[in-house]
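As a plain string of letters, each chain reads:
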Amino acid sequence: MAAPTQNLAVVVHRAGDLRLVREVLLRMHSVGICGSDVHYWQHGRIGDFVVKAPMVLGHEAAGTVVKVGAGVTHLQPGDRVAIEPGVPREIDEYCKVGRYNLSPSIFFCATPPDDGNLCRFYKHSASFCYKLPDNVTFEEGALIEPLSVGIHACRRAGVTLGSKVFVSGSGPIGLVNVIVAKMMGAAVVIVTDLSASRLQKAKEVGADNILQVKNETPQEVASKIKSLLGCMPDITVECTGVEACIQAGIYATRSGGTLVLVGLGPEMVTVPIVNAAVREVDIKGIFRYCNTWPMAIALLASKRINVKPLVTHRFPLEKALEAFETTKRGEGIKVMLKCDPSDHNP
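Predicted model, so just to flag it, every value in this text is computed and none were measured.

Undergrad: Please explain the overall build of the protein chain as it appears in this structure.
TA: When its secondary structure is counted, the protein chain shows 11 helices and 19 strands. Of all 346 residues assigned to the protein chain, the portion counted as buried reaches 53%. Accessible area for the protein chain stands at about 15500 Å²; split by element, carbon and sulfur atoms hold 54% of it. Charged side chains in the protein chain number 37 positive and 33 negative. The centres of these two groups are separated by 3 Å.

Here's what the structure looks like:
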C-alpha cells in the first residue's frame, strides 16, 4: 500500500495557540504527551527555550520505518522503532565521553527551534532509531522516553541492591523512577504526592510505601518518611521541582546519601544547603538522559518491567486538542496520541 502523502502535525505557534497543521512530508504510530509539550503550548517557553516560530510538538514516540536513506544498514522498511529524541549535531567534548545529552548544540525534538514528531510522518537520524522486538508494543516504545529519565536518574543516584529510596512526586516521571528503582534492586521505595489517586498508581507499579502530603512542613514530611521506613532513605529522587519538596528531600535523605533533582521548577529556590553540606548529602542534577534506549528495550522485551499501566488515555491525532486539554487538567497519567489512522492498537 502506498504511503499517504498528507502529514498532520500538532504545532504550537505561541503561548496559548495550538493548531493542527497539514504538511507534505515523509509513519508515526504512538506519541505520548509530556508536561513540557503542555508548557510550550500554555507559556510559549521553558526557561531559555522560547517558541519564536511554529514548532511541531512531541518527543515520546514510536513508529514504523517507511523509507531508509543511503548507507542505513540496521533498519529497513517495515521495522518498528522507538525514537530517541536527542541527536548530537557534532562530536564535541561531551559526546566523546559518552554524555551527549549535555552537548549545547544537540538537536532535541520539540525543543525550540527543533520540530518534534507528533505528526503522521517524520524523519529522524537512523542512529537514534531503535528496532523494537515483536513482543514490545508501539506504546511501550514511546514510553521508553520517560522511562529513560528514570534510568538516568537512578543511575546518577547509585540505586543498587538494598537501597532505600524516597521518590518525591507520583506523576509519570515519579512513577518511572519507582519502576526503575525496584528493578535495580531497591529494597524499599516510598513515594509522596498530593494526589491520592496518583499514589495508588505508585502502589500499582511497585511502591512499597506511600504518603499523601497535605499541609506538613518539609521537616514534618521528612519525619513522617523516617517513621514509615524505620530509617532515613539512602537516596531521594525529587521529581516535582517544587521548592518545599526539594527542602523535604534534603531533610529526609540520610547523612552521606544522595539527592537527585529531576523535576524542574523556578530558576532560583531557597534550600537548607548547610544542612546538606554538614551531613554530606550529595545533590546531583540530571538533564534528560543518555545511553538508555538499548537497556530499556532489553528490560521491556524480557518483561522485567511493566510500563503499560502508565497509559490511561488514548486519542486519535485528529483529537489532539482534546488530548492536550486532558493532560492540562491533570487527568490520568499518560495520554497517548495515535498517529496512524489505520492502526490505533497499543
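Here the narrative resumes.
Undergrad: Please explain empty space enclosed by the protein as it appears in this structure.
TA: Remark: the empty space left among the atoms is shown by a probe the size of a water molecule rolled over them. Of the pockets and cavities examined, the largest cavity occupies roughly 30 Å³. The wall of the largest cavity is formed by Glu-84, Gly-86, Tyr-100, Asn-101, Ile-106, Phe-108, Arg-288 and Tyr-289. Of the residues contributing to the lining of the largest cavity, the split by class is four nonpolar, two polar and two charged.

Undergrad: Is there a simple way to think about the sheet that holds strand β18 (residues 311-316) in this case?
TA: Hydrogen bonds between backbone groups are what pair the strands of a sheet, and the pairing can be parallel or antiparallel. Pairing within the open sheet is mixed, and its six strands lie in the order β11-β8-β7-β3-β19-β18. The sheet is open, and its two edges are formed by β11 (129-131) and β18, each paired on a single side. Pairwise comparison of adjacent strand axes, ignoring direction, gives a mean angle of 25° for this sheet. Taken together, the three bridges between strand β3 (residues 28-32) and strand β19 (residues 334-338) define a ladder with antiparallel strand orientation. Across the sheet, the residue bridging to Val-31 is Leu-337, located in β19.

Undergrad: What is the right way to read the nonpolar core from this model?
TA: Within soluble globular proteins, side chains that are nonpolar generally end up buried alongside one another. Counting residues in hydrophobic clusters, the biggest one holds 89 residues, and the most contacted among them are Val-159 and Phe-324. In this structure Phe-324 touches Val-10, Leu-18, Ile-33, Asp-37, Val-38, Trp-41, Leu-57, Leu-118 and Leu-337, once residues within four positions along its chain are discounted. Grouped together as the second largest cluster of nonpolar side chains are 11 residues, Phe-166, Val-221, Ala-222 and Ile-225 included.

Undergrad: Would you mind going over the pairing of strand β16 (residues 258-261) with me for this structure?
TA: Both strand β15 (residues 235-238) and β16 contribute to a ladder of four bridges, which runs parallel. Bridging across to β16, Ile-235 finds its partner in Thr-258. Tracing the backbone out of β15, into helix α8 (residues 243-252) and back to the parallel element β16 gives a crossover that is right-handed. Both β16 and strand β17 (residues 282-285) contribute to a ladder of four bridges, which runs parallel. By the bridge assignment, Leu-261 is partnered in β17 with Gly-285. Following the chain from β16 across helix α9 (residues 273-278) to the adjacent parallel β17, one finds a crossover that is right-handed.

Undergrad: I would appreciate a short explanation of the packing of aromatic side chains in the present structure.
TA: Centre distance and the angle of the planes are the two values used to describe a pair of aromatic rings. With the rule as written, the count across this model stands at five aromatic pairs. Where Phe-108 meets Tyr-289, the ring centres are 6.4 Å apart and the plane angle is 45°; that geometry is what we call tilted. Separated by 181 residues along the polypeptide, Phe-108 in strand β10 (residues 107-108) and Tyr-289 in the loop between β17 and α10 (293-301) bring together distant segments of the chain. A relative accessible area of 3% means that Tyr-289 is categorised as buried.

Calculation criteria
Residues numbered from 1 in each chain as written. Predicted model: local features only at pLDDT ≥ 70, side-chain atom pairs only at ≥ 80, totals over all residues. Heavy atoms only, no water. Helix = DSSP H or I, 4+ residues; strand = E, 2+ residues; numbered from the N terminus. Buried < 20%, exposed > 50% of the residue type's maximum accessible area, 1.4 Å probe, protein only. Areas by Shrake-Rupley, 256 points an atom, 1.4 Å probe, with all protein chains shown as cover. Lys, Arg positive; Asp, Glu negative; His and termini not counted. Charge placed at Lys NZ, Arg CZ, Asp CG, Glu CD. 1 Å grid on protein atoms, 1.4 Å probe; cavity = no way out; pocket = protein on both sides within 12 Å on 5 of 7 lines; lining within 4 Å. Points joined across faces, edges and corners; volume = space filled by probe spheres on them. Nonpolar A, V, L, I, M, F, W, Y, C, P; charged D, E, K, R; others polar. Pairing = 2+ DSSP bridges. Axes fitted to C-alpha atoms, helices over the stretch in contact; angles between N-to-C directions. Core = buried A, V, L, I, M, F, W, Y, C linked by side-chain atoms within 4.5 Å. Contact = heavy atoms within 4.5 Å. Right-handed = clockwise from strand over helix to strand, strands pointing away. Phe/Tyr/Trp six-rings, centres within 6.5 Å; stacked < 30°, edge-to-face > 60°.

These values are about where atoms sit, not about what they do.
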